[in-house]
Amino acid sequence: ANNSESTEQRLTEVCELLQTSIGYYDWVGFYFANAAQETLHLKAFAGEPTDHTVIPFGKGICGQVAVSNKNFVVPDVKAQDNYIACSITVKSEIVIPLFKDGKNIGQIDIDSHVADPFSLEDERFLEWVNEEVAKIL
Ligand code: SME
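Below, the structure is looked at part by part. (Residues numbered from 1 in each chain as written. Predicted model: local features only at pLDDT ≥ 70, side-chain atom pairs only at ≥ 80, totals over all residues. Heavy atoms only, no water.)

Focus on the packing of aromatic side chains
Next, step 1: Here the structure, examined in full by the defined rule, presents 7 aromatic pairs.
Next, step 2: When the centroid spacing of 5.9 Å and the interplanar angle of 65° are considered together, the rings of Tyr24 and Phe118 count as edge-to-face. Of this pair, Tyr24 sits in the loop between helix 1 (4-21) and strand 1 (27-34) while Phe118 sits in the loop between strand 6 (103-112) and helix 3 (120-135); the two residues are 94 residues apart in sequence, bridging distant segments of the chain.
Next, step 3: With 6.1 Å between their ring centres and 40° between their planes, Tyr25 and Phe118 make a pair best called tilted. On the criterion of sequence distance, the pair formed by Tyr25 in the loop between helix 1 and strand 1 and Phe118 in the loop between strand 6 and helix 3 is long-range, its members being 93 residues apart. The pair formed by Tyr25 and Phe118 is uniform in burial state, with each residue classed as buried.
Next, step 4: Among the aromatic residues, those joined into a cluster by ring pairs are Tyr24, Tyr25 and Phe118.
Next, step 5: Lying over the aromatic face of Phe32, Lys43 brings its terminal NZ or CZ to 5.4 Å of the ring centre. (Phe/Tyr/Trp six-rings, centres within 6.5 Å; stacked < 30°, edge-to-face > 60°. Helix = DSSP H or I, 4+ residues; strand = E, 2+ residues; numbered from the N terminus. Buried < 20%, exposed > 50% of the residue type's maximum accessible area, 1.4 Å probe, protein only. Lys NZ or Arg CZ within 6 Å of the ring centre and 35° of its normal.)

Concerning unusual backbone geometry
Next, step 1: At Glu38, a position not held by glycine, the phi torsion is positive, near 55°.
Next, step 2: Counting through the fold element by element, Glu38 comes out in the loop between strand 1 and strand 2 (39-46).
Next, step 3: Even without being glycine, Asp101 reaches a positive phi, approximately 50°.
Next, step 4: Considering the arrangement of structural elements, one finds Asp101 in the loop between strand 5 (92-100) and strand 6.

A word on the environment of Ala115
Next, step 1: Within the secondary structure layout, Ala115 lies in the loop between strand 6 and helix 3.
Next, step 2: Judged by its relative accessible area of 49%, Ala115 is partly exposed.
Next, step 3: As for Ala115 and Glu8, which are separated by 107 residues in sequence, their C-alpha atoms are 30 Å apart.
Next, step 4: If near-sequence neighbours (up to four positions away) are discounted, Ala115 is found in contact with Pro75 and Lys91. (Contact = heavy atoms within 4.5 Å.)

A closer look at the site of the ligand
Next, step 1: Around the ligand, the neighbouring residues are Trp27, Tyr31, Ile55, Gly60, Ile61, Cys62, Tyr83, Ile84, Cys86, Glu93, Asp109 and Asp111.
Next, step 2: In this structure, Ile84 approaches the ligand through a main-chain N or O atom, which is 2.7 Å from a nitrogen atom.
Next, step 3: Take Asp111: an N or O atom from its side chain is 2.9 Å from an oxygen atom of the ligand.
Next, step 4: Protein contacts shield 100% of the accessible area of the ligand, which totals 310 Å² for the unbound molecule. (Near = heavy atom within 4 Å. Polar contact = N/O pair within 3.5 Å; in protein donor to acceptor, adjacent residues only side chain to side chain. Areas by Shrake-Rupley, 256 points an atom, 1.4 Å probe, with all protein chains shown as cover.)

In structure tokens, the structure reads:
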């Protein structure tokens, strides 16, 4: 419904709001799937720029969520073997799939410099954020 520029701006504002409001949300980004290419593409973020703007399905925490359709909470990134490191300061991560009309079209990805900070409350909250975001897509 919206042109891509304004959607990107709105997504960036959501990332910035989350990153500045919640102390342990150090990097917040939205990746969206290209189903034909089986890749995820970073569309908006807040925090340090990352090299990982394109992630193949199946690779890393993000790529696994693209195929599992399930929340992925990582209390300790060092304990994961299928993990793409963005920064040595990251200790933990949470990825929540974003559904539009029942389809997994992308995800919100949050990195934290804190060990094991993510609770069920974060999962429920971020599921709600994604539901709200799906309405502007
Ligand atoms: N750590 C992610 C890659 C994206 S960066 O965190 C921004 C992963 O393993 O998929």
